[in-house]
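Close look at the chain arrangement
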Amino acid sequence: MTTITADDLTSLITLIAEAMTRERDRLCELDGVIGDADHGIAMELGFSAAAKATSELDPATGDPTLVFNTAAKAFLNAVGASSGPLYATGLMRAGAAVKGKPSLTADDMVGAFAAIAKGIQDRGKAEVGEKTMVDAWAPAALACQAARGQGMPLEECFSAALAAAQAGMEATKDMIATKGRSSRLGERALGHIDPGAASATVVVNCFHAFFSP
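Focus: the overall build of the chain
- Check the secondary structure of the chain and you find eight helices and zero strands.
- Order of helices (α) and strands (β) in the chain, N terminus to C terminus: α-α-α-α-α-α-α-α.
- Relative to a compact globule of 213 residues, whose C-alpha radius of gyration would be 17 Å, the chain shows 16 Å and is just as compact.
- Overall, the C-alpha framework of the chain stretches about 50 × 40 × 30 Å when taken along its three principal axes.
- Considering only intrachain contacts with a sequence separation of at least 6, the fraction spanning at least 24 residues in the chain is 70%.

Considerations on the packing of aromatic side chains
- For the coordinates displayed, the defined rule picks out ten aromatic pairs.
- Relative to Tyr87, the ring of Phe47 lies with its centre 5.6 Å away and its plane at 75°, an arrangement referred to as edge-to-face. Here Tyr87 lies in helix H4 (residues 83–97) and Phe47 lies in helix H2 (residues 39–55), a separation of 40 residues in the sequence. One exposure class covers both Phe47 and Tyr87, and it is buried.
- With a centroid separation of 5.3 Å and an interplanar angle of 40°, the aromatic rings of Phe158 and Phe207 are classed as tilted. Remark: Phe207 occurs in helix H8 (residues 195–210) and Phe158 occurs in helix H7 (residues 154–171); sequence separation between them is 49 residues. The exposure classification of Phe158 matches that of Phe207, with both residues buried.
- An aromatic cluster is present here, built from Phe47, Phe75, Tyr87, Phe113, Trp137, Phe158, Phe207, Phe210 and Phe211 joined pairwise through their rings.

Looking at H2
- The first and last C-alpha atoms of H2 sit 24 Å apart over 17 residues, in line with the 24 Å expected at 1.5 Å per residue.
- Along H2, the residues classified as buried are His39, Gly40, Ala42, Met43, Glu44, Gly46, Phe47, Ala50, Ala51, Ala53 and Thr54.
- Contact partners of the buried residues in H2: helix H1 (6–34), helix H3 (64–78), H4 and H8.

Let's talk about helix H6 (residues 134–149)
- Spanning 16 residues, H6 covers 22 Å between terminal C-alpha atoms, matching the ideal 22 Å at 1.5 Å per step.
- Regarding H6, the residues found buried are Val134, Asp135, Ala136, Trp137, Ala138, Ala140, Ala141, Ala143, Cys144 and Ala147.
- Positioned one or two residues after H6, Gly151 has a phi angle of 85°, which is positive.

Digging into empty space enclosed by the protein
- Inspection of the entire model under this criterion finds one cavity of 30 Å³ or more.
- Its boundaries defined by the atoms lining it, the largest cavity holds a volume of some 90 Å³.
- If you go around the largest cavity, the residues you meet are Leu9, Leu12, Ile13, Ile16, Phe47, Phe68, Tyr87, Leu91, Ile116, Trp137, Val203 and Phe207.
- Breaking the lining of the largest cavity down by element, the ones donating at least two residues are H1, H4 and H8.
- Among the residues forming the lining of the largest cavity, the class breakdown is twelve nonpolar, no polar and no charged.

Thresholds, definitions, all that
- Residues numbered from 1 in each chain as written.
- Predicted model: local features only at pLDDT ≥ 70, side-chain atom pairs only at ≥ 80, totals over all residues.
- Heavy atoms only, no water.
- Helix = DSSP H or I, 4+ residues; strand = E, 2+ residues; numbered from the N terminus.
- Rg over C-alpha atoms; globule rule 2.2 N^0.38 Å.
- Contact = heavy atoms within 4.5 Å.
- Phe/Tyr/Trp six-rings, centres within 6.5 Å; stacked < 30°, edge-to-face > 60°.
- Buried < 20%, exposed > 50% of the residue type's maximum accessible area, 1.4 Å probe, protein only.
- Expected span 1.5 Å × (residues − 1).
- 1 Å grid on protein atoms, 1.4 Å probe; cavity = no way out; pocket = protein on both sides within 12 Å on 5 of 7 lines; lining within 4 Å.
- Points joined across faces, edges and corners; volume = space filled by probe spheres on them.
- Nonpolar A, V, L, I, M, F, W, Y, C, P; charged D, E, K, R; others polar.

What follows is the structure in structure tokens.
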């Protein structure tokens, strides 16, 4: 896939929504240990709303930025707290990164992916090592950009991103949270994967699956 259209992006968002429905209970279980046990529900609600809103766009517009922005607003409307503003900001940043482009190249897609990660990190004011979704998103974006910088095709870029996200997610087991609700638990959160990092890895996995032949 060398040219990525608005329709492709809509299909990608639908794929993520379907994955969140499948993973909802697992994510809630992870969140139940260190949070309010609702993270899976929030992610399913957000991406389902994003998928519905983008699928209702007029195909004739063919605007990737409109797809990202529509997904962002729908996600925020469905999930006003917690992960809502984070993913809304990330998706809006992706829209800004590809503004004015009727279709996207592999470089554009990697740039949009990195913009999602940066938007989430900026909005959450989190750094790697603080037991948040940034522990998966930030290394995934770096790995994706590095692979593209070496001339790798999109499939391999997202393969590298997925491996980095999975490693980052696993690393959260050994972290004490300093951000979010789980920070109240201190050392009791040790040994448990951060649910935000787990859901981020689900998203990255969907990017990998979508752009693999």
